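Secondary and tertiary structure notes
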Amino acid sequence: GVSRGWLVPIDYQPRVVKSLDLSQIRIDRKKRDYAVGELASAILGEETTRESAKMCAEHVKGRHALVFTPNVATAYGMCEALRALGIAAEALDGN
């Protein structure tokens, strides 16, 4: 898709969200990842969502972007936080 102009190369830029404490979030041993519900609850904290949205806004600076979140609730929370910063945003889910 990239070579044909349908997609752009991925610009993966990991960030550290200082207000997000992952130390108390359980690891799902079968999935080898954080427990989604616990992770989502931590991300939905007002300060964490605001800090994450601000980082996204600073990085994209007028470009189009996709933000992946662990569940639907965090997608809508991030969307609201981005809109509060004056960024046009939409949350998409499977419904």
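Everything here concerns the structure above.
As a starting point, this report considers the structure included with it. (Residues numbered from 1 in each chain as written. Predicted model: local features only at pLDDT ≥ 70, side-chain atom pairs only at ≥ 80, totals over all residues. Heavy atoms only, no water.)

1. Some words on the pattern of salt bridges
Our working rule: By salt bridge we mean one thing: a side-chain nitrogen of Lys or Arg within 4 Å of a carboxyl oxygen of Asp or Glu. Helix and strand assignments come from DSSP, with helices taken as H or I runs of at least 4 residues and strands as E runs of at least 2, each series counted from the N terminus. Categorising residues by exposure relies on relative accessible area from a 1.4 Å probe, with only protein chains included: less than 20% of the type maximum marks a residue as buried, more than 50% marks it as exposed, and the intermediate range marks it as partly exposed.
Summed over the entire model, instances satisfying the criterion amount to three salt bridges. Here R26 makes a salt bridge to E38, at a shortest N to O gap of 3.0 Å. In this pair, R26 is assigned in the segment before β1 (27-28) and E38 in helix α1 (residues 36-43), connecting sequence segments twelve residues apart. The shortest N-O distance in the salt bridge between R50 and E46 comes to 3.2 Å. Taken together, the residues R50 and E46, both in helix α2 (residues 46-60) and four residues apart, mark about one turn of the helix. Classification of E46 by relative accessible area gives exposed; the value is 61%.

2. Details of α1
The line we're drawing: An arc is given here, and it is the one of the directions from the helix axis to the C-beta atoms.
Within α1, burial applies to L39, A40 and I43. Projected onto a plane normal to the axis of α1, the buried residues spread over an arc of 100 degrees and lie on a single side.

3. Describing α2
Because an α-helix packs 3.6 residues into every turn, residues spaced three or four apart end up facing the same way. Basically, it comes down to this: Under the convention used throughout, the expected extent of a helix is 1.5 Å for every residue step, that is, one less than its residue count. A contact between two residues is defined here by any heavy atoms of the two lying within 4.5 Å.
Compared with the 21 Å implied by 1.5 Å per residue over 15 residues, the 21 Å span of α2 between its first and last C-alpha is a close match. Along α2, the positions that sit buried rather than exposed are T48, T49, E51, S52, A53, M55, A57 and V60. On its buried side, α2 packs onto α1 and α3 (72-84). One or two residues past the end of α2 sits K61, with phi positive at roughly 35 degrees.

4. Focus on unusual backbone geometry
In this structure, R32 takes a positive phi of about 55 degrees despite not being glycine. Note on placement: R32 falls in the loop between β1 and β2 (33-34).

5. A look at the packing of α2 against α3
For the record, the criterion: Working convention: axes come from line fits to C-alpha atoms, limited for helices to the stretch in contact. Angles between N-to-C directions cover 0 to 180 degrees. By the definition used in this description, the sense in which the near helix is turned from the far one sets the handedness, with an anticlockwise turn below a right angle giving left-handed and a clockwise turn giving right-handed. Residue polarity is assigned by list, with Asp, Glu, Lys and Arg as charged and Ala, Val, Leu, Ile, Met, Phe, Trp, Tyr, Cys and Pro as nonpolar; anything else, Gly included, falls into the polar class.
Axis separation between α2 and α3 bottoms out at 9 Å; the angle between their running directions is 65 degrees. Like other packed secondary-structure pairs, α2 and α3 cross with a definite hand, here right-handed. Every residue of α3 that contacts α2 at T49, S52, A53 and C56 is listed here: G77, M78, A81 and L82. Looking at side-chain class alone, the contact of α2 with α3 contains five nonpolar, three polar and no charged residues.

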